[in-house]
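Chain by chain, the residues:
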Amino acid sequence: DSRLTGVIAGIHDRRSETQKQLVAARKRLKRDDFEASAQALVKRVRWRGDLPEPAFVDVARQSLRTAVDEFLEAAAADLSDMPHLHAMRLAGKRLRYTMELLAGVFEPAFKKRLYSVVQEIQDKIGRVNDHVTAAALLEQWATEPDARDAELLSQLAAEELGFAESTRRQFQKWWSPRRVDELRREFDRVKVVEPRGKEQPVDRPNRGIA
């Protein structure tokens, strides 16, 4: 279909233009010596609270527990609603970043097993989000004044929304109550590796998921 070829060519043109902007942004950061600025910022980081500075291991425990609880709370919502699923994806992203930052505090299984589970969840939700994003972009392009083949773009957008819904249903079927309970139990069993080598379970605060 020559019209579809034209749409694909248009997508390539937009991608090329976006890449140029990214390259320009990278050059600007290098010119401004972003790396040196980041290192200087790290050196200025210090405890500014009125109370004694807490041990990093205690902060790590609480930070992980908070991120886990927020993720499980978002995951307990009605995931047939796309905004709820999007909120779960964002909570999962925050949990993954928290795990990356604190991995050195916890036992090796934390990174080998739990991180890969959270990554798998994010990948599955990400595929739904990819279709939703594609649909939004195609519909946006279809409404632009100089849009070519606006009807085809709208048709492709509708198809992407269909793919998004199909992928969402597959994820919701996979994300079963049993899987949720298993993940919750695994996080409850995570142990902190203390400097002296003693492993301690992560304390669960009172505000945990009911």
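That block above? That's the structure.
Residues numbered from 1 in each chain as written. Predicted model: local features only at pLDDT ≥ 70, side-chain atom pairs only at ≥ 80, totals over all residues. Heavy atoms only, no water.

A. Looking closely at the overall build of the protein. Each helix and strand in the protein was counted, giving seven helices and two strands. Each helix and strand of the protein, placed in order from N terminus to C terminus, yields the pattern α-α-α-α-α-α-α-β-β. Here the C-alpha radius of gyration of the protein, 22 Å, is well above what a compact globule of 210 residues would show, namely 17 Å. The principal-axis extent of the C-alpha atoms belonging to the protein is close to 70 × 50 × 30 Å. Burial status across the protein gives 32% buried among its 210 residues. For the protein, contacts bridging at least 24 residues in sequence account for 72% of all contacts bridging at least 6. Here the protein has roughly 13900 Å² of accessible surface; of this, 54% comes from carbon and sulfur atoms. Between the centroid of the 38 positive side chains of the protein and the centroid of its 34 negative side chains there is a distance of 5 Å. (Helix = DSSP H or I, 4+ residues; strand = E, 2+ residues; numbered from the N terminus. Rg over C-alpha atoms; globule rule 2.2 N^0.38 Å. Buried < 20%, exposed > 50% of the residue type's maximum accessible area, 1.4 Å probe, protein only. Contact = heavy atoms within 4.5 Å. Areas by Shrake-Rupley, 256 points an atom, 1.4 Å probe, with all protein chains shown as cover. Lys, Arg positive; Asp, Glu negative; His and termini not counted. Charge placed at Lys NZ, Arg CZ, Asp CG, Glu CD.)

B. Fine view of the packing of helix H3 (residues 56-75) against helix H4 (residues 82-102). Viewed as axis vectors pointing N to C, H3 and H4 meet at an angle of 160 degrees, and their least axial separation amounts to 8 Å. In terms of axis orientation, H3 runs roughly antiparallel to H4. Our pair here, H3 against H4, has a crossing hand that is left-handed. In contact with Phe56, Ala60, Ser63, Leu64, Ala67, Val68, Glu70, Phe71, Ala74 and Ala75 of H3, H4 contributes Ala87, Met88, Ala91, Gly92, Arg94, Leu95, Thr98, Met99 and Leu102. Across the contact of H3 with H4, the residue classes tally to 14 nonpolar, three polar and two charged. (Axes fitted to C-alpha atoms, helices over the stretch in contact; angles between N-to-C directions. Parallel < 35°, antiparallel > 145°, perpendicular 65-115°, else oblique. Left-handed = near helix turned anticlockwise from the far one by under 90°. Nonpolar A, V, L, I, M, F, W, Y, C, P; charged D, E, K, R; others polar.)

C. Representation of the pattern of salt bridges within the structure. Going through the model one piece at a time under the given rule, you end up with nine salt bridges. As a salt-bridge pair, Asp58 and Arg61 come within 3.4 Å of each other at their nearest N and O atoms. Taken as a pair, Asp58 and Arg61 lie in helix H3 at a separation of three residues, close to a single helical turn. Notably, a salt bridge pairs Arg65 with Asp69, separated by 3.6 Å at the nearest N-O pair. Of this pair, Arg65 and Asp69 both sit in helix H3, four residues apart, which is roughly one turn of the helix. Owing to a relative accessible area of 2%, Arg65 belongs among the buried residues under this scheme. A cluster of three or more residues bridged by salt bridges with shared partners is formed by Arg65, Asp69 and Asp188. (Salt bridge = Lys/Arg side-chain N within 4 Å of Asp/Glu carboxyl O.)

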